[in-house]
Amino acid sequence: MEGQREQIPLLTPYKMGNFQLSHRIVLAPMTRFRSYNSFPQSHAILYYSQRTTNGGFLIAEATVISRAAQGFKDTPGIWSKEHIDAWKPVVEAVHAKGGVFFCQLWHPGRASVQSFESNIGHPPVSSTDRPCSPFIDTDTGQVLLEYSPPRRLTPEEIILIVNDFRVAARNAMEAGFDGVEIHGANGYLIDQFLKDQVNDRSDEYGGSLENRCKFAFKVVEIVANEIGADRVGIRLSPFSNHMDAGDSDPEALGLYMAKSLNKYGILYCHMIESRAEATEDETDQWSDSLVPMKQAFNGTFIAAGGYVRENGNDAIAQERADLIGYGRLFLANPDLPKRFELDAPVNKYRRDTFYIGDPVVGYTDYPFLNDDQR
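Read on for a plain summary of the structure. Quantities reported herein were computed from a predicted structural model and do not represent experimental measurements.

## A few points about the side chain of Asp178
Argument step 1. Its location among the elements puts Asp178 in the loop between α3 (155-174) and β10 (179-184).
Argument step 2. Buried charged residue Asp178 carries no salt bridge. Nearest counter-charge: Arg231, at 4.7 Å.
Argument step 3. A polar contact is formed between the side chain of Asp178 and the backbone nitrogen of Phe101, at a distance of 2.8 Å.
Argument step 4. Every residue in contact with Asp178, bar those within four places of it in the chain, is listed here: Phe19, His95, Gly99, Val100, Phe101, Phe102, Met173 and Arg231.

Right, dumping it as structure tokens:
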């Protein structure tokens, strides 16, 4: 009987700072390319609302902090009053269903396609002046995106971008978000400073591990001071080489970041597993790569990267993470917590619809277990 069903670890409550969560399943941030001309649309209200549960935690898709950082077509921004107003109904819909909603603050740096932008002719910026390799479809070998050669930021410009993060965090709070996640992962601007295979600087922001992390900590500090450390998280991917952003010692980088973040007292650290590229058949062989980082960090620790129901439960039960971020699985299953509770079959995601820009197809049309639940 339903009342006698054993509660799985993923569905146990958790107190994340001042936020009382009803379960451990987090909607991870995922770029969807459906915010036309950088503004969230009405279809985003349905998309996020579908994936909201009472006491659930959702992280919005990567959201651009300034006009100059708008590196991809139809990704949302948060740099103007118009963006604040566009986000408000989306946030209100999540709150109406009892969800906790954070905005992910993003500067893509050199991983930027600026041919569509009004600032065409101005190169993207980075820690380096070396370009990023083209983005290639691994299935077909087709070149999907070509990135412009970047311009190396000066120390004075770095401080201006740090301030852009501050303004974006304030704007996110004005839009009604409960907090922000600083995007320090996946080969984008902050990660381009963190990783020694990208950062070739010889000034105070390059060279040693401590110097390479300085930009990230300046962003964390200014955002925490602006909106309160108890409303700030950061996402990191020390093991990833996405966008050519690899590091020669990812364990040392991840551990140093986890320990050093304690100084700022932020709410959570969201780390992407070294195994994020693993296939579903390899999930039982995944490593404990994030455990030292979880142990070093004083706040809530979120792990993400190819998790399914079984190993997500194991990670919570074995205290390898406090919360688990689900991306593609949550994208394809708007009622994922219910499916996990019932151990029900899950919808398969449709990769070819991830980024097509359609307001319905591959976005809000994935079926619920019971379509009456819509």
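Once the structure has been displayed, the description carries forward.
## Topic: the environment of Gly246
Argument step 1. Mapped onto the elements of the fold, Gly246 is located in the loop between β11 (232-236) and α7 (250-261).
Argument step 2. For Gly246, a relative accessible area of 4% translates into the label buried.
Argument step 3. Spatially, the C-alpha atom of Gly246 lies 26 Å from that of Cys103, the residues being 143 residues apart in sequence.
Argument step 4. Other than its neighbours up to four places away in sequence, Gly246 contacts Lys195, Asp196, Gln197, Ser240 and Asn241.

## Section: the state of the cysteines
Argument step 1. Tallying each qualifying case throughout the model produces zero disulfides.
Argument step 2. Cys269 carries a free sulfur, and the closest cysteine sulfur to it, the one in Cys213, is 12 Å from it.

## Section: the sheet that holds strand β5 (residues 100-106)
Argument step 1. Strand order in the closed barrel formed by eight strands is β3-β4-β5-β10-β11-β12-β13-β14, with parallel pairing between adjacent strands. Averaged over all pairs of adjacent strands, the angle between their axes in this sheet comes to 25°, without regard to strand direction.
Argument step 2. Pairing of strand β12 (residues 268-272) with strand β13 (residues 300-304) involves five bridges; the strand directions are parallel. Counterpart to Cys269 in the pairing with β13 is Phe301.
Argument step 3. On the sheet, α7 packs against β11 and β12 and is oriented at approximately 175° with respect to β11.

## Details of the environment of Gln20
Argument step 1. Take Gln20: it is sitting in strand β2 (residues 19-21).
Argument step 2. On the accessibility criterion, Gln20 (48% relative accessible area) is partly exposed.
Argument step 3. When the C-alpha atoms of Gln20 and Arg231 are compared, they prove to be 13 Å apart, with 211 residues separating the residues in sequence.
Argument step 4. Setting aside chain neighbours within four positions, we find Gln20 in contact with Pro13, Tyr14, Lys15 and Gly55.
Argument step 5. At 3.4 Å, the side chain of Gln20 forms a polar contact with the backbone oxygen of Tyr14.

## Quick notes on α7
A turn of α-helix holds 3.6 residues, and therefore any two residues three or four places apart point the same way.
Argument step 1. Between its terminal C-alpha atoms α7 stretches 16 Å, which fits the 16 Å expected from twelve residues at 1.5 Å a residue.
Argument step 2. The set of residues buried in α7 consists of Pro250, Leu253, Gly254, Met257, Ala258, Ser260 and Leu261.
Argument step 3. As for α7, its buried residues are in contact with α4 (189-194), α5 (209-212), α6 (214-227), β11, β12 and α8 (291-296).

## Some words on the pattern of salt bridges
Argument step 1. Across all of its chains, the model carries 18 salt bridges by this definition.
Argument step 2. With its nearest N and O atoms 3.1 Å apart, the salt bridge here joins Asp247 to Arg212. Remark: Arg212 occurs in helix α5 and Asp247 occurs in the loop between β11 and α7; sequence separation between them is 35 residues.
Argument step 3. For Asp343, the salt bridge identified is with Arg309, shortest N-O distance 3.6 Å. Here Arg309 lies in helix α9 (residues 309-317) and Asp343 lies in the segment after α11 (336-342), a separation of 34 residues in the sequence.
Argument step 4. Here Arg309 falls in the partly exposed class, since its relative accessible area comes to 22%.
Argument step 5. Salt bridges here are not isolated pairs; linked through shared partners, they connect Asp129, Arg130, Arg152 and Asp200.

## What to know about the nonpolar core
Argument step 1. Counting residues in hydrophobic clusters, the biggest one holds 96 residues, and the most contacted among them are Tyr48, Phe165, Phe215, Ile266 and Tyr326.
Argument step 2. Setting aside chain neighbours within four positions, we find Ile266 in contact with Val220, Ala224, Ala229, Val232, Gly233, Ile234, Leu261 and Phe297.
Argument step 3. Grouped together as the second largest cluster of nonpolar side chains are 13 residues, Tyr14, Val26, Val100 and Ile302 included.

## A word on empty space enclosed by the protein
Argument step 1. Under the criterion given, the structure shown has two cavities of 30 Å³ or more.
Argument step 2. Counted as a void, the largest cavity has a volume near 40 Å³.
Argument step 3. Looking at the lining of the largest cavity, the elements that each hand over two or more residues are α4 and α7.
Argument step 4. Of all the elements, α7 adds the most residues to the lining of the largest cavity, at three residues.
Argument step 5. Taken together, the residues of the lining of the largest cavity sort by class into six nonpolar, three polar and two charged.
Argument step 6. Estimates place the volume of the second largest cavity at around 30 Å³.

## A short note on the pairing of β5
Argument step 1. Burial of β5 is extensive: seven of the seven residues sit out of reach of the surface.
Argument step 2. Both faces of β5 are covered, namely the face carrying Val100, Phe102, Gln104 and Trp106 and the face carrying Phe101, Cys103 and Leu105.
Argument step 3. In this structure, strand β4 (residues 57-64) lies alongside β5, joined through six bridges in parallel fashion. Note that in β5 the partner of Ala62 across the bridge is Gln104.
Argument step 4. Following the backbone out of β4, through helix α2 (residues 81-96) and into the adjacent parallel β5, one traces a crossover that is right-handed.
Argument step 5. Where β5 and β10 come together, four bridges link them in parallel fashion. Across the sheet, residue Leu105 finds its bridge partner in β10, namely Ile182.

Analysis parameters
Residues numbered from 1 in each chain as written. Predicted model: local features only at pLDDT ≥ 70, side-chain atom pairs only at ≥ 80, totals over all residues. Heavy atoms only, no water. Helix = DSSP H or I, 4+ residues; strand = E, 2+ residues; numbered from the N terminus. Buried < 20%, exposed > 50% of the residue type's maximum accessible area, 1.4 Å probe, protein only. Lys, Arg positive; Asp, Glu negative; His and termini not counted. Salt bridge = Lys/Arg side-chain N within 4 Å of Asp/Glu carboxyl O. Polar contact = N/O pair within 3.5 Å; in protein donor to acceptor, adjacent residues only side chain to side chain. Contact = heavy atoms within 4.5 Å. Disulfide = S-S within 2.5 Å. Pairing = 2+ DSSP bridges. Axes fitted to C-alpha atoms, helices over the stretch in contact; angles between N-to-C directions. Expected span 1.5 Å × (residues − 1). Core = buried A, V, L, I, M, F, W, Y, C linked by side-chain atoms within 4.5 Å. 1 Å grid on protein atoms, 1.4 Å probe; cavity = no way out; pocket = protein on both sides within 12 Å on 5 of 7 lines; lining within 4 Å. Points joined across faces, edges and corners; volume = space filled by probe spheres on them. Nonpolar A, V, L, I, M, F, W, Y, C, P; charged D, E, K, R; others polar. Right-handed = clockwise from strand over helix to strand, strands pointing away.

Everything listed here is a matter of coordinates, which is why it stays silent on function.
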